[in-house]
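Survey of secondary and tertiary structure
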Amino acid sequence: MSDDLTNIEQDSAQVLPRHIAVVMDGNGRWANKRHLPRIAGHKAGVTATRKIVENCAKNKIESLTIFAFSSENWNRPEAEVSSLMALFVSTISAEVKKLHKKNVCVKFIGDRSRFSDKLQSSINESEQLTEGNTGLHLNIAANYGGRWDIVNACKSLINKVKNNEVSIQELDEDLFDSFVSLNDHAPPDLFIRTGGERRISNFLIWQLAYTELYFVDTLWPDFSDEHFESALSWFAGRQRRFGKTGQQIMNEQLPEKLKSI
Ligand code: IPE
Ligand code: IPE
Ligand code: MG
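None of these values were measured; they are calculated from a predicted model. (Residues numbered from 1 in each chain as written. Chains lettered and ligands numbered in written order. Predicted model: local features only at pLDDT ≥ 70, side-chain atom pairs only at ≥ 80, totals over all residues. Heavy atoms only, no water.)

1. Digging into the site of ligand 2
Put simply, the test is: Definition of nearness: a residue and a molecule or strand are near each other if at least one heavy atom of the residue lies within 4 Å of the molecule or strand. Two N or O atoms form a polar contact when they lie within 3.5 Å of each other; inside protein one atom must be a possible hydrogen donor and the other a possible acceptor, and for residues adjacent in sequence the pair counts only when both atoms belong to side chains. The Shrake-Rupley method, run with a 1.4 Å probe, gives the accessible areas here. Residue values count only the displayed protein chains as cover. Throughout, the protein atoms alone are placed on a 1 Å grid, and a set of points is a cavity if a 1.4 Å probe fits but cannot get out or a pocket if it is open with protein on both sides within 12 Å along at least five of seven lines; lining residues have an atom within 4 Å of a point. Think of it this way: if more than half of a molecule's atoms are within 2 Å of a pocket's grid points, that molecule is in the pocket or cavity. A run of DSSP states H or I qualifies as a helix once it reaches four residues; a run of E qualifies as a strand once it reaches two. Both are numbered from the N-terminal end. Residue classes follow a fixed rule: Ala, Val, Leu, Ile, Met, Phe, Trp, Tyr, Cys and Pro count as nonpolar, while Asp, Glu, Lys and Arg count as charged, and any other residue, Gly among them, counts as polar.
Close contacts around ligand 2 come from Val-23, Met-24, Asp-25, Phe-67, Ala-68, Phe-69, Ser-70, Asn-73, Arg-76, Arg-193, Arg-199 and Ser-201, and that covers them all. Within the side chain of Arg-193, one N or O atom sits 3.3 Å away from an oxygen atom of ligand 2. Between Ser-201 and ligand 2, the recorded distance is 2.5 Å, taken from a side-chain N or O atom to an oxygen atom. Coverage of ligand 2 by the protein chains reaches 77% of its 390 Å² of free accessible surface. Because more than half of its atoms lie within 2 Å of the grid, ligand 2 is assigned to the largest pocket. At four residues, strand β2 (residues 63–70) tops the list of elements feeding residues into the shell around ligand 2. The residue inventory of the shell around ligand 2, partitioned by class, reads five nonpolar, three polar and four charged.

2. A look at the pairing of strand β4 (residues 137–144)
The test is simple: Accessible area is worked out with a 1.4 Å probe on protein chains only. A residue is then buried under 20% of its type maximum, exposed over 50%, and partly exposed in between. Any two strands between which DSSP finds at least two bridges are classified as paired. Consider the strands pointing away from the viewer: the crossover is right-handed when the path from the first strand over the helix to the second runs clockwise.
When you tally the buried positions in β4, you get seven out of eight residues, the bulk of the element. Sheet topology places β2 next to β4; seven bridges connect them, and they run parallel. Bridge pairing in β4 links Phe-69 to Ala-142. Across five bridges, strand β3 (residues 105–109) lies against β4 in parallel orientation. If you follow Phe-108 over to β4, its bridge partner there is Ile-140. Handedness of the β3-helix α4 (residues 117–130)-β4 crossover: left-handed.

Bear in mind that shape data such as this cannot, by itself, settle questions of function.
So this is what it looks like as structure tokens:
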């Protein structure tokens, strides 16, 4: 058999990601193209977000983690930042009850302490309302940065070491992982970035170590059900090798009967 097994087609109906992470990029350009203020693009982006949440729930995806606001986005013009903050408050209050009815469990990752009291309360209330839900896990990254996440994990770990709850000798990747965000989720299988840029922009840098990266030029407000389906089909065609050879992966996927032939 050929050693080149990089393009093995897999049955898309069978290979769905358990966890999808999305950088929802391109709202500003979407608005610019229409001679609208940037905030109009962010508002249009909310509709696309609602759609992907519904599609993930429909496809029984376990977790969806979306990048709503990065730790670097504070560097934008003050007017854009404050209108984004207002949009977060109004979107959370408009959407959370609906998400709760759909059995979605909502969590936020990132440093929420920089947000207004009002926004922090609506974040806390939405988490409390939905915490018992057993459907899709929707994680919203807000004032999130991957480097912040790693430094934050180090701080928690050092405190545990100081209190003799953890020893340096027992520190390994699994233990470190238990201190970073989303440690109660499988790592993302599929990363989607819209808007044409081919970069991670400080999103989940620890968690994305073995994620399949999918970049699409479509601007986030235009990201439709069909675009989502295309991303899933692309993912289903990947062969995830985790350092092994293609041949090994093929053998692992063979039914037991065939392996012994
Ligand atoms: C992503 O869209 C949304 C946020 C960062 C909040 P952008 O606002 O970055 O859109 P572009 O990249 O300027 O088009
Ligand atoms: C990443 O998008 C952050 C979010 C989507 C919230 P940006 O548009 O801020 O990323 P850069 O700065 O262009 O890399
Ligand atoms: Mg952008």
